[in-house]
Amino acid sequence: MQGNASLSEQIKLSAGGRLTRETKDGRFERTTIRPGSVTAIFAPFPEFTIKRKENNFDWNVSGQYYLDRRNVLYASASRGNKSGGFQTLPSNPALTEFEGERALTLETGVKSQLFGRVGLDVALFSTTVKDFQYVINTPQGNAVTNVKVRSRGVDAAVNWRPTRELRIDGGVVYADTRILEAFAGAPAGSRPSRAPVWSGNASIMYKVGLSENLDLTVNPYVDFSSSQYNQLPSANAPKRQSYALVNARVAIGESNGNWELALIGKNLTNQQIFYTSTTPLLAGGPWYGNISTPATFALQITVKR
């Protein structure tokens, strides 16, 4: 359900809501095929069934104040839900089920077009998630615990078109994200995993006609992030260090888009980043992870009819 209202030429309002009802059933069983030391930790258990029902109501309200046709102030509030469920491979029957999430987001900002060729968007945001679904390792096995998490900060984006052929875009997010409720291995105030303080991107798009029917496109771009935890600090897994991945795309194609030949390069500076690092349950120090793909080049041919 969605509704919109115009109080004047400058003031616009909108509101909406959605009711979701869900029923979930699960059936689980663990059987030992060959006894060993692992079965002392992950013991077999007989088949059991579990069922849960949820009713969730999501809503949003927003208002816009138009200073003129190209500049608007806005504010919004919304609530969204993510249903609970069951672990796909529960290590302990008692830890199979987990609760749903409920997120409340408040945002205010400005969208503007400056000087005709420069666009600027700035937003202040605050999101509080009740019962955030956090995967943890416990002596009883893997579990999904529900905790309160908050993220607040600034999101800014700019685009500039100095000439008809050239466009420059960039964006940056500052997010102060904290776990508000303590649980095993995470005191209140800890930073969650995979939550950098700074992140963003920047790109340049240059497109010029080589002839009446042939275009050249050059598009270098950078994705960057400050350091972040891959697991909670108590797990002693290495952090993902700050990085700036440089990529580029150079293409020649027909102006009407019927065909294009592109050379694509990713991670041109050949950075090595631990995208993931995990200390397994009861491992006592060893860890494993995934490293970023090295410098990679690809040739892409596109044909449309």
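Data block above holds the structure.
Read on for an overview of the structure. It should be emphasised that the depicted structure is a prediction, and the values quoted were computed from it without experimental measurement.

Another point: the overall build of the protein chain. For the protein chain, the count of helices and strands is 0 helices and 17 strands. On C-alpha atoms alone, the protein chain measures out to a radius of gyration of 25 Å, which is more than a quarter above the 19 Å that the 2.2 N^0.38 rule sets for 305 residues. Burial status across the protein chain gives 30% buried among its 305 residues. Restricting to contacts in the protein chain with at least 6 residues of sequence separation, those with at least 24 account for 57%. Accessible surface computed for the protein chain: about 18,800 Å², of which carbon and sulfur atoms make up 56%. Here the protein chain contributes 34 positive and 24 negative side-chain charges, whose respective centroids are spaced 2 Å apart.

Regular strands show a simple pattern: their side chains alternate between the two faces of the sheet. Note that strand β11 (residues 198-209) and strand β12 (residues 214-225) share 9 bridges and pair antiparallel. Note that in β12 the partner of Tyr206 across the bridge is Val218. What sits between the antiparallel neighbours β11 and β12 is a turn of 4 residues. Where β12 and strand β13 (residues 243-254) come together, 12 bridges link them in antiparallel fashion.

For the structure shown, the criterion picks out 7 aromatic pairs. In textbook terms, an aromatic cluster arises when at least three aromatic residues are bridged by ring pairs, as seen for Phe28, Phe45, Phe48 and Phe86. Sitting above the plane of the Tyr229 ring, Lys239 keeps its charged end 5.0 Å from the centroid.

Residues apart from glycine generally show negative phi values, whereas peptide bonds are mostly found in trans. Backbone geometry places Asp131, a non-glycine residue, at a positive phi of 60°. Among the secondary structure elements, Asp131 is positioned in strand β8 (residues 118-138). Looking at Asp131, the relative accessible area reads 26%, which means it is partly exposed. Unlike most non-glycine residues, Asn270 shows phi in positive territory, near 55°. As for its placement among the helices and strands, Asn270 is situated in the loop between β14 (259-266) and β15 (274-278). For Asn270, a relative accessible area of 43% translates into the label partly exposed.

As a further point, take the environment of Val61. Examined against the element boundaries, Val61 turns out to sit in strand β3 (residues 45-68). Accessibility expressed as a relative area gives 38% for Val61, which makes it partly exposed. If we skip the residues at most four places from it in the chain, Val61 touches Ser14, Ala15, Ala75, Ser76 and Ala77.

Let us look at the nonpolar core. In this structure, Tyr134, Ile136, Ala143, Val147, Val149, Ile179, Phe183, Ala186 and Leu232 together form the largest nonpolar core, which totals 9 residues. The set of elements that each furnish at least two residues to this core consists of β8 and β9 (141-160).

Our focus in this paragraph is the pattern of salt bridges. Under the counting rule described, the total for this entry stands at 8 salt bridges. Put simply, Arg249 and Glu260 hold a salt bridge, and the shortest N to O gap is 2.6 Å. A residue pair is termed long-range when its members are at least 10 positions apart, and Arg249 in strand β13 and Glu260 in strand β14 qualify at 11 residues. Put simply, Arg52, Glu54, Glu97 and Glu99 are held in one network by salt bridges that share partners.

Rules used in this analysis
Residues numbered from 1 in each chain as written. Predicted model: local features only at pLDDT ≥ 70, side-chain atom pairs only at ≥ 80, totals over all residues. Heavy atoms only, no water. Helix = DSSP H or I, 4+ residues; strand = E, 2+ residues; numbered from the N terminus. Rg over C-alpha atoms; globule rule 2.2 N^0.38 Å. Buried < 20%, exposed > 50% of the residue type's maximum accessible area, 1.4 Å probe, protein only. Contact = heavy atoms within 4.5 Å. Areas by Shrake-Rupley, 256 points an atom, 1.4 Å probe, with all protein chains shown as cover. Lys, Arg positive; Asp, Glu negative; His and termini not counted. Charge placed at Lys NZ, Arg CZ, Asp CG, Glu CD. Pairing = 2+ DSSP bridges. Phe/Tyr/Trp six-rings, centres within 6.5 Å; stacked < 30°, edge-to-face > 60°. Lys NZ or Arg CZ within 6 Å of the ring centre and 35° of its normal. Core = buried A, V, L, I, M, F, W, Y, C linked by side-chain atoms within 4.5 Å. Salt bridge = Lys/Arg side-chain N within 4 Å of Asp/Glu carboxyl O.

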